[in-house]
Amino acid sequence: MDTLALILSIIGSLNWGLVGIFRFDLVAWLFGGQAAVVSRIIYTLVGLAGLWCISLLFRRGRHTDGD
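Summarised in this report is the structure supplied together with it. Since we're looking at a predicted model, the values are computed, not measured.

### Points about the pattern of salt bridges
Tallying each qualifying case throughout the model produces 1 salt bridge. The partner of D2 in a salt bridge is R59, and the shortest N-O contact between them spans 2.9 Å. Taken together, the residues span a long stretch of sequence, with D2 in helix α1 (residues 2-22) and R59 in the segment after α3 (37-58) at a distance of 57 residues.

### Brief notes about α3
When the terminal C-alpha atoms of α3 are compared, their 33 Å separation across 22 residues agrees well with the 32 Å that a helix rising 1.5 Å per residue should span. The set of residues buried in α3 consists of S39, I42, V46, A49 and C53. An end-on view of α3 places all buried positions within 80 degrees of arc, on one side of the element. Every exposed residue of α3 that faces more than 90 degrees away from the buried side is listed here: V37, R40, L48, L51 and F58. Contacts from the buried residues of α3 go to α1 and α2 (26-31).

So, how was this worked out
- Residues numbered from 1 in each chain as written.
- Predicted model: local features only at pLDDT ≥ 70, side-chain atom pairs only at ≥ 80, totals over all residues.
- Heavy atoms only, no water.
- Salt bridge = Lys/Arg side-chain N within 4 Å of Asp/Glu carboxyl O.
- Helix = DSSP H or I, 4+ residues; strand = E, 2+ residues; numbered from the N terminus.
- Expected span 1.5 Å × (residues − 1).
- Buried < 20%, exposed > 50% of the residue type's maximum accessible area, 1.4 Å probe, protein only.
- Arc of directions from axis to C-beta.
- Contact = heavy atoms within 4.5 Å.

Nothing here speaks to function; it is all geometry.
Below is the structure:
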């Protein structure tokens, strides 16, 4: 789960970088606009992944066999 959350967070950060530098929303471009259902699902998953990654801050230094 941690790896998936990190991958989605990276995708989100790359997309925001493109928006900030080039005013280009890759997710919206690929999936039919910001209001498209698929785009909204991806935005939601990226947001949830970001929330999950907050937990990584509090687990630093602890290793579990599930990671």
